[in-house]
Amino acid sequence: MSSNKEIMRQGVMSTGEDARIFPDVEACIDCGGCVVACKRTWDSAPDEQRISISTMMEGQEGAQGFNANSARALNQGQSPGETAVPMQCYHCENAPCVSVCPTDSLLKQEDGFVQVRDDLCVGCQYCLSACPFGAPQFPDSDEGAAQIFGTGGTMDKCTMCEERQDVGKGPACAEECSTDAILVGDAEEISAELDRRDSGTFFNDVAMEIVFGEEGAEVF
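This section reports on the structure supplied with the text. Sequence order as written defines residue numbering, which begins from 1 separately in each chain. Totals for whole chains, interfaces and linings use all residues, but because this is a predicted model, local features are given only for residues with pLDDT of at least 70 and pairs of side-chain atoms are given and counted only at 80 or more. To obtain the side-chain values, all non-hydrogen atoms of the structure were included, while hydrogens and water were left out.

Next up on the list: the overall build of the chain. Note on conventions: DSSP H or I runs of at least 4 residues are helices, E runs of at least 2 residues are strands, and numbering of each starts at the N terminus. Regarding its fold elements, the chain presents nine helices and six strands. Whereas a compact globule of 220 residues would reach a radius of gyration of roughly 17 Å, the chain reaches 17 Å, a difference of no more than 12%. With respect to the principal axes defined by its C-alpha atoms, the chain has extents near 50 × 40 × 35 Å. Burial here depends on accessible area, computed with a 1.4 Å probe over protein chains only, as a share of the maximum for the residue type. Under 20% is buried, over 50% is exposed, and the range in between is partly exposed. Relative to its 220 residues, the chain shows a buried fraction of 49%. Whether two residues are in contact is decided by their heavy atoms, any of which lying within 4.5 Å being enough. In the chain, 63% of the contacts between residues at least 6 apart in sequence involve partners at least 24 apart. Shrake-Rupley sampling with a 1.4 Å probe provides the accessible areas, and residues are treated as covered by the protein chains on show and by no other component. A total of about 11000 Å² of accessible surface is found on the chain, and carbon and sulfur atoms cover 45% of it. Charge counting follows a simple rule: Lys and Arg are positive, Asp and Glu are negative, and His as well as the terminal groups are ignored. The location of each charge is read from NZ of Lys, CZ of Arg, CG of Asp or CD of Glu. Each charge class in the chain was averaged separately, 14 positive and 39 negative side chains, and the resulting centres sit 5 Å apart. For the radius of gyration, the atom set is restricted to C-alpha positions; the globular benchmark scales as 2.2 Å times the number of residues to the power 0.38.

Here is the structure:
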């Protein structure tokens, strides 16, 4: 897949090969528009979610001078206060789900997308334990049975709308986010956009290296 450098909206800077999807937590207002866009695009069942909004420290104020500056607060060892974080599969450069999958059901493709091969998934849920972002979902799981029999159902997750990107569109969640809180592009583009907004990265150095790789994380 070739890279598309046409800007579709402020949050979608490029798509295709080497693109990543990443949250700007300062811009997220927890409206749930991304969840609705994803469900509508993929006709997901009511109890299935490929993206969700995690609210950290709900109801708490940030340290003085750091409200609406969650990333900066964390970097300075201060409390960020309530923070909404769009959580999905970030198609990590060093994807831990891929490394722990015993059947090679999960594949890091040459274009950067992390793909699930349904016919190889045995529902062991190792990927769920390995992913620090809670991306793997098992909508057909039999509660508790996976621990014994490996009958956790087939894993499902955000595909980063790879099919939409094939025809020059961005991920539905990012294109329809009212505040452009979901960024799509390569590491340099995402870093530059966060800098332009005077935002920061909410994730620590370890998580950033998982998502972007050691070299990619250095640009942030």
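Moving on from the coordinates now.
Let us now look at the environment of Glu110. Here Glu110 shows up in the loop between strand 4 (106-108) and strand 5 (114-116). In this structure the C-alpha to C-alpha distance between Glu110 and Glu214, which are 104 residues apart in sequence, comes to 18 Å.

Turning our eyes to something else, we now look at the pattern of salt bridges. Any carboxyl oxygen of Asp or Glu that lies within 4 Å of a side-chain nitrogen of Lys or Arg is treated as forming a salt bridge with it. This model, assessed by the stated rule, comprises eight salt bridges. Arg40 is the salt-bridge partner of Glu176, the closest N and O atoms lying 2.4 Å from each other. With Glu176 in the loop between helix 7 (172-175) and strand 6 (182-185) and Arg40 in helix 1 (residues 33-42), this residue pair connects regions lying 136 residues apart in the sequence. Here Asp198 makes a salt bridge to Arg72, at a shortest N to O gap of 3.0 Å. In this pair, Asp198 is assigned in the loop between helix 8 (187-196) and helix 9 (205-217) and Arg72 in helix 2 (residues 70-75), connecting sequence segments 126 residues apart. One network of salt bridges, with partners in common, ties together Asp24, Glu193, Arg196 and Arg197.

For strand 3 (residues 83-87), the buried fraction is high: five of the five residues fall into the buried class. Of the two faces of strand 3, the one carrying Thr83, Val85 and Met87 and the one carrying Ala84 and Pro86 are both buried. Strand direction decides the pairing type here: strand 2 (residues 52-56) and strand 3, joined by five bridges, are antiparallel. Each bridged residue has a counterpart across the sheet, and for Met56 the counterpart in strand 3 is Thr83. If DSSP finds at least two bridges between two strands, the strands pair.

Further remarks concern the packing of aromatic side chains. Any two rings among Phe, Tyr and Trp, with Trp reduced to its six-membered ring, count as a pair given centres within 6.5 Å; such a pair is stacked if its planes are under 30 degrees apart, edge-to-face if over 60, and tilted if neither. Scanning all chains against the criterion turns up eight aromatic pairs. Consider the rings of Phe22 and Tyr90, whose centres lie 6.3 Å apart with planes at 55°: the pair is tilted. Placement of Phe22 in strand 1 (residues 20-23) and of Tyr90 in the loop between strand 3 and helix 3 (96-100) is noted, with a sequence separation of 68 residues between them. Judged on exposure class, the residue Phe22 and its partner Tyr90 are both buried. When the ring of Phe22 is compared with that of Phe203, the centres are 5.5 Å apart and the planes differ by 90°; the resulting orientation is edge-to-face. Here Phe22, found in strand 1, pairs with Phe203, found in the loop between helix 8 and helix 9; they are 181 residues apart in sequence, far enough to count as distant. One exposure class covers both Phe22 and Phe203, and it is buried. Aromatic ring contacts, followed pair by pair, group Phe22, Tyr90, Phe133, Phe203, Phe212 and Phe220 into a single cluster.

The subject of this paragraph is the nonpolar core. Within this scheme, the nonpolar core is defined by two criteria: the residues are buried Ala, Val, Leu, Ile, Met, Phe, Trp, Tyr or Cys, and they are joined through side-chain atoms within 4.5 Å. Counting 47 residues, the largest nonpolar core has Phe22, Tyr90, Leu106, Phe133 and Phe203 as the members making the most contacts within it. Within the residue set of this core, elements represented by two or more residues are strand 1, helix 1, strand 3, strand 5, helix 7, strand 6, helix 8 and helix 9. The dominant element in this core, judged by the number of residues it contributes, is helix 9, at six residues. In this structure Tyr90 touches Arg20, Ile21, Pro23, Phe133, Phe203 and Val211, once residues within four positions along its chain are discounted. By size, the runner-up hydrophobic cluster in this structure holds five residues, among which are Ala27, Cys28, Ala84 and Cys177.

A patch is a set of surface residues, each over 30% in relative accessible area and not in a salt bridge, joined within 9 Å for like charges and within 5 Å for the nonpolar side chains Val, Leu, Ile, Met, Phe, Trp and Tyr. Residues Glu188, Asp205, Glu209, Glu214, Glu215 and Glu218 make up a contiguous surface patch of negative charge. The element that contributes the greatest number of residues to the negative patch is helix 9, accounting for four residues. Relative to the assigned elements, Glu214 resides in helix 9. A residue is classified by how much of its surface remains accessible, and Glu214, at 54% relative accessible area, is exposed.

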